[in-house]
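Structure assessment
Single-letter residue listing:
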Amino acid sequence: MSSLKKIKIIKPDDWHLHLRDKKILKKILRYTQTFYRRAIIMPNLNKPITNCKKAIAYKRRIINASQLNTKFEPLMICYLTKETSLQELKYGFFKKIFIGAKLYPDQSTTNSKTGINKISEIFHILELMQKINMPLLIHGEDNNFDIDIYDREAKFIENTLVLLRKTFPELKIILEHITTKEAVYYIEENNSPYLAGTITPHHLMLNRNNMFIGGIQPNLYCLPILKRNIHQNALRQAISNGSTRFFLGSDSAPHLYENKINLIGCAGIFNAPSSLLCYVTVFEEMKALKYFESFCSKNGPNFYNIPINKESITLIKKPYKILEKVSVGKEFIIPFLSGEILNWSIL
Ligand code: NCD
Ligand code: ZN
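Residues numbered from 1 in each chain as written. Chains lettered and ligands numbered in written order. Predicted model: local features only at pLDDT ≥ 70, side-chain atom pairs only at ≥ 80, totals over all residues. Heavy atoms only, no water.

Some points on the overall build of the chain
Put simply, the rule reads: Numbering of helices and strands runs from the N terminus; a helix is a DSSP stretch of H or I covering at least four residues, while a strand is a stretch of E covering at least two. For a compact globule the rule gives 2.2 Å times the number of residues to the power 0.38, and the radius of gyration it is set against comes from C-alpha atoms. Only protein chains enter the area calculation, which uses a 1.4 Å probe; residues under 20% of their type maximum are buried, those over 50% are exposed, and those in between are partly exposed. Contacts are assigned to residue pairs with any non-hydrogen atoms lying within 4.5 Å of each other. Only the protein chains shown count as cover for residues, with accessible areas throughout obtained via the Shrake-Rupley method and a probe of 1.4 Å. Charge assignment: positive for Lys and Arg, negative for Asp and Glu; neither His nor the chain ends contribute. To locate a charge, the coordinates of NZ of Lys, CZ of Arg, CG of Asp or CD of Glu are taken.
Helix and strand content of the chain: 11 helices and 15 strands. Against the globule reference of 20 Å for 347 residues, the chain gives a C-alpha radius of gyration of 19 Å, in line with a compact fold. The principal-axis extents of the C-alpha atoms in the chain amount to approximately 60 × 45 × 45 Å. For the chain, the residues scored as buried account for 56% of the 347 residues in total. Intrachain contacts of the chain at a sequence separation of at least 6 include 73% that bridge at least 24 residues. With the model as given, the accessible surface of the chain reaches about 15,500 Å², and the carbon-plus-sulfur share is 50%. Considering the chain, the positive charge centre built from 48 side chains and the negative charge centre built from 30 side chains are found 8 Å apart.

Given below as structure tokens:
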């Protein structure tokens, strides 16, 4: 036992997580809570979290859904629309109700039908955010239907992000769940204290081939969609050279089986039961374990300017079987890598 390899790190935070609500929330929260001390909770519920009142109520529902004794803090985000009130946003940020606000291009993903059509629609909001130092989280895909789905992230950078950063050079931006070499290079090249990116475990472990091996794999369908292996390799490289501009955001996004395996299936991968173990697997493969802790537990809080956690957790190199499904009443959710074995476990 004592000869098994172990890694003790500061307890991580998940900087991009979907917890949903009600019975799903109740069933899945424990997986995140086991591995993470805090998480940024995505506001894209059926009725998005667009103001302080909704955020406070949702945060309370999350805390009340906890089934474990482990401390866990949800960090709430305001879903931006062109109607977002400046006063509300400012109040929410100063009162620490919101840690940031999220830009969803209109129709870009699950529950984004009240997202933004043209970035200039919200310049007055971004101006305020820059002034008060409030982070902007971005789903960085150009939603123009003429653009190939595999090019949407690169086109967003080219068509929107460059202009946005030129207009608001001191606005803190997190380009979320990056999937392309273009995003990696853009963040690395700028190397700005105002720009960072989060990376998911599935985009590190897989590429678009995986969606079609042995038949179509709806459980691997997510947005932004998995890309070519050159992009996957760029992401793996990005986390391996110790840049503090990249950090952990699992984008764990559960959908009930019947909604994923359907004629029109939902996008989203539920990886909370194994996300941290997936990350450590990739860092080990990349011989980059020395940067694992900063990616998981330091770069995020430093970028958001909040304290680093005091708690720690230990991972141990021991086979771990990922659970096959999570029941939700009569229904269920299939986790990422359901039933597969990873080489790392939590102590
Ligand atoms: C997310 C979801 O289901 O809410 N889906 C996904 O594929 N990642 C939305 C998102 O983060 O884009
Ligand atoms: Zn997401």
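Description of the UniProt feature "modified residue: N6-carboxylysine" (unreviewed entry) in the chain
Cut-off, in case you're wondering: UniProt positions are given in the numbering used here, feature names are shortened, and annotations may be inferred rather than shown by experiment.
UniProt's feature table lists "modified residue: N6-carboxylysine" (unreviewed entry) at Lys102, given in the numbering used throughout. Assignment of secondary structure puts lysine 102 in strand S5 (residues 100-103). If sequence neighbours within four positions are ignored, lysine 102 has contacts with His16, Met42, Pro43, Ile77, Cys78, Tyr79, Leu80, Leu137, Ile138, His139, Glu176 and His177.

As for the pattern of salt bridges
Put simply, the test is: Only one rule defines a salt bridge in this text: a Lys or Arg side-chain nitrogen within 4 Å of an Asp or Glu carboxyl oxygen.
Within the structure shown, the criterion is met by 13 salt bridges. For glutamate 176, the salt bridge identified is with lysine 102, shortest N-O distance 2.5 Å. Highlighted residues: glutamate 176 in the loop between strand S7 (173-175) and helix H6 (181-190) and lysine 102 in strand S5, separated in sequence by 74 residues. Just as glutamate 176 is buried, lysine 102 falls in that class too. The salt bridge involving lysine 321 is made with glutamate 324; its shortest N-O contact spans 2.9 Å.

As for the coordination of the zinc ion (ligand 2)
Four donors placed tetrahedrally about a metal ideally form angles of 109.5 degrees, and six donors placed octahedrally ideally form angles of 90 or 180 degrees. Filter applied, for reference: In this description, a donor is an N, O or S atom within 2.8 Å of the metal centre, a cutoff extended to 3.2 Å for sodium, potassium and calcium. Water is not part of the atom list, which can make sites seem incomplete. Four donors are marked tetrahedral only if all angles between them lie between 85 and 135 degrees, whereas four are marked square planar and six octahedral if opposite donors are more than 155 degrees apart and the other angles lie between 65 and 115; the remainder are marked irregular.
Binding of the zinc ion (ligand 2) to the protein goes through His16 (NE2), His18 (NE2) and Asp251 (OD), at separations of 2.0 Å. In this structure, the zinc ion (ligand 2) is surrounded by four donor atoms whose angles at the metal cover 92 to 136°, and the resulting shape is irregular. Binding-site remark: the zinc ion (ligand 2) is held by donors from one chain whose sequence spacing is H-x1-H-x232-D.

Some words on the packing of aromatic side chains
The condition that has to hold: What counts as a ring pair is set by centres within 6.5 Å for rings of Phe, Tyr and Trp (its six-membered ring), and what kind of pair is set by the plane angle: stacked under 30 degrees, edge-to-face over 60, tilted for all other angles. Counting as a charge over the ring demands two things of the Lys NZ or Arg CZ atom: a distance within 6 Å of the ring centre and an angle within 35 degrees of the ring normal.
Here the structure, examined in full by the defined rule, presents 14 aromatic pairs. Summarising the aromatic geometry, the rings of phenylalanine 93 and phenylalanine 94 are spaced 6.2 Å apart at their centres and angled 40° between planes, so their arrangement reads as tilted. What makes phenylalanine 93 buried here is its relative accessible area of 17%. Owing to a relative accessible area of 53%, phenylalanine 94 belongs among the exposed residues under this scheme. Through a chain of ring-to-ring contacts, the aromatic side chains of Trp15, Phe247, Phe303 and Tyr304 assemble into a single cluster. Geometry around phenylalanine 303 places lysine 172 over its ring, the cationic atom sitting 5.4 Å from the centre. Over the face of the ring belonging to tyrosine 150 we find arginine 208, whose NZ or CZ atom lies 4.5 Å from the ring centre.

Remarks on the side chain of threonine 200
We apply this condition: Here a polar contact is recorded for every N or O atom pair within 3.5 Å, except that within protein the pair must consist of a potential hydrogen donor and a potential acceptor, and residues adjacent in sequence are included only if both atoms are side-chain atoms.
On the secondary structure map, threonine 200 appears in the loop between strand S8 (195-199) and helix H7 (201-205). Overall, the relative accessible area of 0% leaves threonine 200 in the buried class. A distance of 2.7 Å separates polar atoms of two side chains, one belonging to threonine 200 and the other to histidine 203. Those residues in contact with threonine 200, other than ones at most four positions away along the chain, are His177, Gly249, Ser250, Asp251 and Tyr279.

Focus on the environment of proline 224
Within the secondary structure layout, proline 224 lies in the loop between H7 and helix H8 (229-240). Under the relative-accessibility criterion, proline 224 is labelled buried at 1%. Excluding residues within four positions of it along the chain, proline 224 makes contact with His139, Glu141, Glu153, His177, Thr179 and His203.

Things to note about the UniProt feature "domain: Amidohydrolase-related" (unreviewed entry) in the chain
In this structure's numbering, the residues bearing the UniProt feature "domain: Amidohydrolase-related" (unreviewed entry) are residues 14-323. Helix makes up 38% of residues 14-323 and strand 13%, with an end-to-end C-alpha separation of 20 Å.

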